Amino acid sequence: MSLVRLKIKGISYSQTQNGAYALILNEVDGDRKLPIVIGAFEAQSIAIALEKEIKPPRPLTHDLFKNFADRFDIVIKQVIIHKLVDGVFYSSIICERDKIEEIIDARTSDAIALALRFNAPIFTYKTILDKAGIFLKFSSKEKDKEDSDDSIMVDEILQEGETVEINPGASEGYKELSIEELYAELDKAVASEDYEKAAKLRDEISKRK
């Protein structure tokens, strides 16, 4: 079976499952998206790994695993989403230590959170993408953003053929703050581990650069 490489397109709040999020994976050489429902903790961990400017004051669980692996010379080579059963994705982490390769079963959300920290590629099988992949259409005013921003945050996931609107007002409440005040609020948000607020502040800062 042929493997298809994926990249992370974004994370959105799930409209169908309370407290859950949808992680959007995009095939590297195509237009299909693979939405995967994940929990709030895993969504936060993946978002922090994507947001390079946000550094937690204490290591999260996946950061702790990365530190542990580094100490014992364990490297994650790749992650493969290898099975889909009743809407649940199953993944394997391919690790290497002393030139010995091991395959470890993992939840897909954990596997991806770790792949980001090890800069490891993410793959799935073509059969899974054929079965679960969808095409998401973006509004025309956000088309250019969709093409250029690999970490774009979508507002909601809809069925194939409907429109996905990009959230335009995520940082609207911070427009009146000066750049110095924004940085001060960002430091406070990171210190209090409010990473959702920190991401919005970072977005507003990026707009002004």
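Residues numbered from 1 in each chain as written. Predicted model: local features only at pLDDT ≥ 70, side-chain atom pairs only at ≥ 80, totals over all residues. Heavy atoms only, no water.

Chemist: Can you help me understand the sheet that holds strand β5 (residues 88-97) in this one?
Modeler: Strand pairing in a sheet relies on backbone hydrogen bonds, with the paired strands running either antiparallel or parallel. Pairing within the open sheet is mixed, and its 7 strands lie in the order β3-β2-β1-β7-β4-β5-β6. Pairing within the sheet leaves two strands with one partner each, and these edge strands are β3 (33-39) and β6 (100-107). Each adjacent strand pair in this sheet contributes to an overall mean axis angle of 35°, direction not counted. Helix-sheet contacts for helix α1 (residues 40-50) involve β1 (3-13), β2 (20-27), β3 and β6, and the interaxial angle to β3 is about 120°. (Pairing = 2+ DSSP bridges. Helix = DSSP H or I, 4+ residues; strand = E, 2+ residues; numbered from the N terminus. Axes fitted to C-alpha atoms, helices over the stretch in contact; angles between N-to-C directions. Contact = heavy atoms within 4.5 Å.)

Chemist: Would you take a moment to explain the side chain of His62 for this structure?
Modeler: Mapped onto the elements, His62 comes out in helix α2 (residues 61-71). Separated by 2.9 Å, the side chains of His62 and Asp110 make a polar contact. Excluding its chain neighbours within four sequence positions, the residues that come into contact with His62 are Phe41, Ser45, Asp110, Ala113, Leu114 and Arg117. (Polar contact = N/O pair within 3.5 Å; in protein donor to acceptor, adjacent residues only side chain to side chain.)

Chemist: Help me understand unusual backbone geometry in this model?
Modeler: The bulk of non-glycine residues show a negative phi, and the bulk of peptide bonds are trans. One non-glycine residue with positive phi stands out, namely Asp73, at about 55°. Its place among the elements puts Asp73 in the loop between α2 and β4 (75-85). Assessed through its relative accessible area of 55%, Asp73 is described here as exposed. The backbone of Asp98 sits at a positive phi, close to 55°, despite the residue not being glycine. (Buried < 20%, exposed > 50% of the residue type's maximum accessible area, 1.4 Å probe, protein only.)

Chemist: Would you mind showing me how to read the pairing of β4 here?
Modeler: In the case of a regular strand, side chains alternate between the two sheet surfaces. Pairing between β4 and β5: 9 bridges, direction antiparallel. If you follow Ile81 over to β5, its bridge partner there is Ser91. In sequence, β4 turns back onto β5 through a hairpin of 2 residues, with Asp86 there showing a positive phi of about 50°. Of the pairings in the sheet, the one linking β4 to strand β7 (residues 122-125) comprises 3 bridges and is parallel in character. Pairing of Ile81 across the sheet is with Thr124, part of β7.

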